Amino acid sequence: MPSHLSADRPAPQPPERNAVDVLINRTRRLRGDVEAVRRDAVLVDEDDPQLRWQRALCELAVHHLDNLGTHLGQLREGLPHRTAEQAREGAEGLQQDLAPENSGEPRSGSLLSRVGSAEWDLLTDEVTWSEELFQIFGRPLEAGPLSLDELPSVLLPEDQPLLTSLVTDCLVDGKPIDGEFRILRTDGRTRTLHMMGEPVLDADGCTASMWAVLRDVSELRRSQRVVRRTSDSFRRQQHMAQTERRMAVELQEAVLPPWRGSLRLPRRGPGALDVAAHYLPSQSSDLIGGDWYDALELPDGRTLLSVGDLTGHGIPATSAMAMLLGALRGMAVAGIEPGVLMGHLNQLLESSVQPALGSAVCCRFDPTTGTLAWAQAGHPAPLLFRDGAGRPLPPPDGVLLGAASAVTYEQDAVHLLPGDVLVLHTDGLTRRSDRGAGPDPLLALAPRFAGARTAQDCVRTVVEEFGDTERLDDACVLIARVGV
C-alpha cells in the first residue's frame, strides 16, 4: 500500500524547541489572565445563577488551558537535544505555572501524570505501561500493568461493557478506540479516563498489538457538568423572569386606563379637563413596578385624577397595585372625599396579605366651580403651571400608605383657571442625575407647556425630555389641562 505522503511533499518535521517554548509561555500568560478573571468573579450572591455560571465558565477555561499546557509539555519532553534534567525542569515549571489552585484533587508529580500510554502485545502477552499511567490508576509499579482481560475489573460495572466493546472492535475489526470510562482506584477515588488507541498490524495485516493513550479528564468533565448545571439554572431563571414580566405587563395593562391620547373629562359640559398620561418603564430592571395613573369621570360630574407608586416589582407589586387602584375607584365613585379615601387605602394596604409601602396623590376636580380638592400620602405634590410659570402645590399632611395605623390624611383645595396645566407624576420620572433637584427639572418645562395646545402635547414634551434617560425605577405622568 503506497504511503499516504505525497512523493513530492516532504514529511512533516518535528517542531522546533523554541516554537514549543513560545507556545508554553503564551499558555502560561493566558492562564494567568483567566485565573485573574476567575478570582475577580467572586460570588457575592451565591443564589445568583448568572454569577455561578460565569465562575463555572472561568474554571472550565482554566482546565482547558491546563490540558493544553499538559500536551505542550509532552511535546517538549519528546523533542530531541534535551537532557533529562531539562525535561524535569520543564515539567516542574509547567506544574507550578499551570496547575489549578485549590482544586482539591490529588497531584502526583507534574501535570504530565494526567496523560499516560500503554501497549498490549497480543503475540507475547507483554504489557507496557508508562509511569504516568500507573499514577493515573493509582497502581504501584511493583504491581505491574493490567492486561486487557484484567483492565475491566477496575472499571465501574456500568462502564465495563463499553470498554469490552471498544477493545473488541479494535482487535477484531481494526477500528480505532475513542471513548471514556470511569475507574475506581485503590484509594477509593473515582476517575474519568479518555482512551484513544489503534491496532498495530504485522506484515500479514493481522493485529499484533494495541496501543493507547489514556488521559485523566475527571476535572474537565466535572467543570463541564458545573457549567451545564449553572447554565441550565440561569436559563430557567431567565425563563421565569420573562414569564413573570409578561404576566405583570398583562396585569398592568388590564388595570390601567385603556384610553390612549387625550381624554375629555367630563365628556359634556363647560370647564372640562383635557387629560393625557404616559407610563415610562425602568431601564435598569426587567420587572414591572407598581406605578399607576388614573382618570375617571364620577357619577356627580366631577373628575378623579390619581397617580401612585407601590414598593417592589413584578407580579406582587402589580397585583397589589390592582387591588389598591380598584379600591380607590370604588370609593371615589361612592363619593368619598380624597382625605378620607387615603385613610381607607392606608388601612387596606396595612392589612393586606403582602404588606407593602406606597405613595399616592388623589385629586377630585369640580368643573362647575374650578375647585381641585386633593390629598397625598408621602407623594410628590402636583405641579401647577399658569402663565408660563410653574410651582408645586403646598402639600397637606399625609404619610406613606402602609407605614402607620389609624392615620388621618389632611385635604386641601385649590382653584384652577382656564388654561392651567396640572402635572401629577411619580418620583422615578426625572433623570438619575436630577434626583436631588426636586421638581425643578419638570418646572423648567413651563415655557413649553405654555405653548402646548393639548394635554397630549404636554405629555410628549415630558417624554421627549425624560423618556430616554436611565431610570432606576419605572414612572408615570398624568397631565390635565383646564379647558378654556
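Structural notes, computed from the coordinates. (Residues numbered from 1 in each chain as written. Predicted model: local features only at pLDDT ≥ 70, side-chain atom pairs only at ≥ 80, totals over all residues. Heavy atoms only, no water.)

1. What about the nonpolar core?
Using the following cut-off: To qualify as a nonpolar core, a set must consist of buried Ala, Val, Leu, Ile, Met, Phe, Trp, Tyr and Cys residues joined through side-chain atoms within 4.5 Å. With a 1.4 Å probe rolled over the protein chains alone, any residue whose accessible area is under 20% of its type maximum counts as buried; one over 50% counts as exposed, and the rest are partly exposed. A run of H or I in DSSP counts as a helix once it spans at least four residues, and a run of E counts as a strand once it spans at least two, with each numbered from the N terminus. Only heavy atoms enter the contact rule, under which two residues are in contact if any of them lie within 4.5 Å.
Counting 52 residues, the largest nonpolar core has Trp292, Tyr293, Leu305, Met342, Leu401 and Leu478 as its most contacted members. Examining the composition of this core, we find that seven residues originate from one element, helix α7 (residues 314-333), more than from any other. Leaving out residues up to four positions away in the same chain, Leu305 has contacts with Leu273, Val275, Asp294, Ala295, Val361, Cys362, Cys363, Leu422, Leu424, Leu478 and Ala480. Counting 25 residues, the second-largest nonpolar core is a separate cluster that includes Trp120, Leu151, Leu155 and Leu166.

2. Points about the packing of aromatic side chains
To keep it simple, the criterion reads: Two aromatic rings, drawn from Phe, Tyr or Trp (for Trp, its six-membered ring), form a pair once their centres lie within 6.5 Å of each other, and the interplanar angle then sorts them: stacked below 30 degrees, edge-to-face above 60, tilted otherwise.
Here the structure, examined in full by the defined rule, presents three aromatic pairs. With a centroid separation of 4.9 Å and 40° between ring planes, the pair formed by Trp129 and Phe137 is classed as tilted. Phe137 shares its class with Trp129; the two are buried. Both rings, one in Phe385 and one in Phe449, keep their centres 4.8 Å apart while their planes meet at 85°; by these two values the pair is edge-to-face. With Phe385 in strand β12 (residues 383-386) and Phe449 in helix α10 (residues 446-450), this pair connects stretches of sequence that are 64 residues apart. As far as the burial class goes, Phe385 and Phe449 line up, both buried.

3. Observations concerning the environment of Leu393
Tracing the chain through its elements places Leu393 in the loop between β13 (389-392) and β14 (412-415). The buried category is assigned to Leu393, whose relative accessible area is 3%. Spatially, the C-alpha atom of Leu393 lies 9.8 Å from that of Leu422, the residues being 29 residues apart in sequence. For Leu393, the residues in contact, after removing those within four places along its chain, are Leu372, Trp374, Ala381, Pro382, Leu384, Val414 and Leu422.

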